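# Remarks on the overall topology
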Amino acid sequence: MEVARLFLGLWAFSCAFWYLSAESTCKLKAKFNLNGYKDLEKKKVVIGGMFPVHKGIAYSDGNTSRVPVSSGCEGFNFRTFRWTQTMLFAINEINEKVDLLPNTDLGYVIYDSCFTISKAVEGTLTYLTGQDEAVPNYRCGTGAPLAALVGTGGSDLSIATARILGLYHFPQVSYSSTCSALKSKFQFPTFLRTIPNDIHQSTAMAQLVLRFGWTWVGTIAADDDYGKYGIKDFKEQVEEAGVCISFSEVLPKVSSPEDIQRIVQTVVESTAKIIVVFSSDVDLSPLITELLRHNVTNRTWIASEAWVTSALINQPGVYPVLAGTLGFGVKRADIPGLRRHLLELDPYDDPLTEEFWEMSFNCTLDYGKARRLAKQRAKDVNGTLPRAVRGVPDGLCTGTESLAQLDNTYSDVSQLRITYSVYKAVYAVAHALHNLEHCEKGKGPFVGNTCADISNFEPWQLMYYLKNVRFKVKATDEEIFFDNGDIEGFYDILNWQVNSEGDISFINVGHYNGSAAVEDRMNIMNYSIVWNNEALEPPRSVCSENCQPGTRKGIRQGEPVCCFDCIPCADGEISNTTNARECTLCSGDDWSNDAHDACVPKIIEFLAFGEPLGITLIVISAFGASVTIAVGVVFIVHIGTPLVKANDALLSFSLLFSLVVTFLCSIVFLGEPQHWSCMTSQVALALGFALCLSSIMGKAAVLMLRAQNLKQARTRAKAAAKAAKTAANSTSPDVIASNTSNFNEANVFSTPEVDVLTCAHQRAVAALATIIQAIACTVWLIILPPHPVKNTSSQNIKIILECDEGSVVFICCIFAYDILLALLAFVFAFIARKLEDHFSEAKCVTFGMLVFFIVWISFVPAYLSTRGKFMVAVQIFAILASSFGLLTCIFLPKCYILLVKPERNIEEMMRPRAKLRDSTMTWTSASLATVASEVNATMASTAIDD
């Protein structure tokens, strides 16, 4: 026992020594200048609050030659002052309840953060210390425990205070700090809020932009965590969906006319009609003022919850700039009794209320100040001091002014959104305290199932209850609970519209629920929206107009992807969607329509029987075949006549038959190509011309040989005549010879000729030449026969049904063979063209072959320069023209003799005729007999039977 007493004594001495040492070495570094409300007397628990009642701190000259003092605040904000009064109202309401903390009176300590981080930190340190002089890491107060902090206003303020409060596990419940960065429980373990996380709002804004098809938007954000994180989340979502950011500006926290002018210039120069703003009303207000001065209209603004219902922004005259604004507001509520509380304010309670009163009624509650102002005004007017100043001076508040007559933000309870969030935050702390106070012993949540003492608990113990609190707000029947420190992301979608009185009203046109399924999150009534300039249709905000189907987007070098050119799809390619990135190639049997937005079947083209060109060709072919048959009939009728007999009737009929074949095979080229028609047309043409040309070649060969023989006979006759003349000159002069030359030539041509090639030879040549062609065609049909194909390459919009020859080598060889026969026939006929008879068949054949060559030489370029069915038409025309040429040149003269000049159809007319000579000679009878016998002997030895 003595040892214990000794130990306690030593410990007490040590503590006393340490205290005295600390007292001698510690000194106060600064004293904070904080305005607010306090009610601590006889209170069991104290709730802290922090509100940005002022818009900023007063300017400091930065003089370091004197003791620095905490800066004061300036720019009274009626809206945030209402938030402060709402917390006071909620605490008073809770203290009067019998079902919530019935045995506990709540006190409060409320400070003004002046919308500045430094002031928020001052207030936080003061809370933790428990007295006006902040001593970090010490709790110097001895009163009721501080339960939690409701505040502090903006997100950047809450981030600063939450980092400090988190070190001490001190709960913080925010009513307006929405920054998504505060979601991290690793950095901010004790931060909770009764306003949705900005992740929901950024998503809602992104969906709104996408819903109306806006792909070219500008963004403006406050230069704080609220603006930076909010606009960052928004950008990530819309850019992933293909939306481009036209510009991205940052509002200065400290008013800078240069920066504001630059932002206004950016807005004016940009073609973006949609501007998304993540900012508080305090930071945005200077920009709106400047936009009004420059009359910047025709823009649609997307507002964040921090300014969408702000009276600081919604000033008279902003309609031209902000009409049609769409924004997201947190849940709205009517709070019974709040308006009465706001109107029952006592102006003499505290400095903040005094300042509010003086600002509201433009007067002063300080008698001395009012008197000084009255004197100054009197001197400025007439230089004397009137009697009225000696009484109650002008400008002095009576304290009995009616707040109900004011028309300002403070007394306006029509849009209680952040105010309602403050109300919920206070009640969340109260319910957590209630659960802590009514913990059943032995069933507590802490070590050993213990409970906390409501009169002496640690902040971390209250934090447990706050994280798990769940209650319903009686005023709205809304259930409140925290999911990892956040509540559900529910927003009203508000539209700024002008009411009948010319003022802007906030009309609810939809809502957004971040907890619902993706497709059901946004519900908006488009017909209820009034757009800027009272337009009925949503504005268009695109860098480039949509590329319609039939075009594709072409990227502009160095510009965002939303800025593009619409390039028409190439032929054969389509795009059937708006803003297609690429054109799709049509399949082989399809082609793009004129609009290039659909693939349509290609036009199937072939030379049909029923079309005018097909009918014309059929008629011509039939006519040619009919004429040929008619010529054959004429030959049959006159088969016994000398003309028909002299031309070998069988060869003539085979020639006519081949011409009928060539005329009729041209019809097979018509119609849709089939396997049989492709083979038949080509083979029939090849064989028909082979038979025709081989028959002509046989005739021409005979004529050529006959002409050669006659030429040789004439040469010998001339030689004999010359010998006779020489002999006559050597005989008696009384003998006279006349027309010796004519006599000799006539005698020569009257002598029967014997042709080397007989009719049998001619027929054999024709048959052999045709058989060779037939064998070649048979091999062709067996190995690589012609077949129908779809030609999709010649013409883009058409499928040409045509015959593929199967083998280029075969087709070239076969028709080269026909050309060889034609050349031989032409050469033979050309050599025999001077065979002089009354009917010169060699000349007819020569002309016929010339026509044949002219037609087919002309055919080649014409064929190569045409496509589709006209190629077939050109081929048929060549066949018909060459056939008509042969028929006309060879058979028309014969038919003319047979039908018109039958008197010339005699044997004598079929023989060569002698040339008439003008020379005369006188012969003696002996000389004539001798010469005649010699000539006859000579001619007899060389005569050829006909």
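Throughout what follows, the structure given in this document is the object of discussion. (Residues numbered from 1 in each chain as written. Predicted model: local features only at pLDDT ≥ 70, side-chain atom pairs only at ≥ 80, totals over all residues. Heavy atoms only, no water.)

### Re the pairing of strand S11 (residues 274-278)
Rules: Partly exposed describes any residue whose relative accessible area lies between the buried limit of under 20% and the exposed limit of over 50%, with all areas from a 1.4 Å probe on protein chains only and scaled to the type maximum. Helix and strand definitions follow DSSP, with helices as H or I runs of at least four residues and strands as E runs of at least two, each counted in order from the N terminus. Think of it this way: DSSP has to see at least two bridges between two strands before they count as a pair. A crossover gets the label right-handed when its path from the first strand over the helix to the second runs clockwise, viewed with the strands pointing away from the viewer.
Among the five residues that make up S11, five are buried, leaving the element largely enclosed by the rest of the structure. Of the two faces of S11, the one carrying Ile-274, Val-276 and Phe-278 and the one carrying Ile-275 and Val-277 are both buried. Alignment of strand S9 (residues 216-222) against S11, held across five bridges, turns out to be parallel. Of the residues in S11, the one forming a bridge with Thr-219 is Val-276. For S11 and strand S12 (residues 300-303), the ladder comprises four bridges, and the chain directions are parallel. Note that in S12 the partner of Ile-274 across the bridge is Thr-300. Of the crossover connections in this fold, the one passing from S11 over helix H8 (residues 281-294) to the parallel S12 is right-handed.

### Some words on the sheet that holds strand S5 (residues 106-112)
What counts here: Note on geometry: axes are lines fitted to C-alpha atoms, helical ones only across the stretch in contact, with angles between N-to-C directions running from 0 to 180 degrees. The contact criterion used is simple: two residues touch if any of their non-hydrogen atoms lie within 4.5 Å.
Here we have six strands laid out as an open sheet, ordered S1-S5-S2-S6-S7-S8, and mixed in their pairing. At either end of the open sheet lies a strand with only one pairing partner, and these are strand S1 (36-39) and strand S8 (191-193). Pairs of neighbouring strands in the sheet enclose a mean axial angle of 25°, with direction left out of account. The pairing of strand S7 (residues 172-174) with S8 spans three bridges and is classified as parallel. Looking at S8, one finds that Ser-174 is bridged to Arg-193. The strands touched by helix H14 (residues 418-437) are strand S2 (45-51), S5, strand S6 (146-150) and S7; relative to S6, the strand with the most contacts, the crossing angle is about 160°.

### Structural notes on the sheet that holds strand S27 (residues 798-804)
The strands that make up a sheet are held in pairs by hydrogen bonds between backbone atoms, and each pair lies either parallel or antiparallel. In space, the three strands of this open sheet follow the order S25-S27-S26, with mixed pairing throughout. Every interior strand has two partners, whereas the edge strands, strand S25 (603-605) and strand S26 (787-791), have only one. Taken over all neighbouring pairs, the strand axes of this sheet differ in orientation by 25° on average, direction set aside. For S25 and S27, the ladder comprises three bridges, and the chain directions are parallel. Within S27, the position partnered with Glu-605 by the bridge is Ile-800.

### Some points on the nonpolar core
Note the threshold: Within this scheme, the nonpolar core is defined by two criteria: the residues are buried Ala, Val, Leu, Ile, Met, Phe, Trp, Tyr or Cys, and they are joined through side-chain atoms within 4.5 Å.
Membership of the largest hydrophobic core comes to 101 residues, with the highest contact counts inside it found for Phe-328 and Leu-433. In contact with Leu-433, other than residues within four places in its own chain, are Val-45, Leu-101, Leu-106, Ala-147, Ile-454, Phe-457 and Leu-462. If you look at the next biggest cluster of nonpolar residues, it comprises 55 residues, including Leu-659, Phe-663, Ile-696 and Ile-876.

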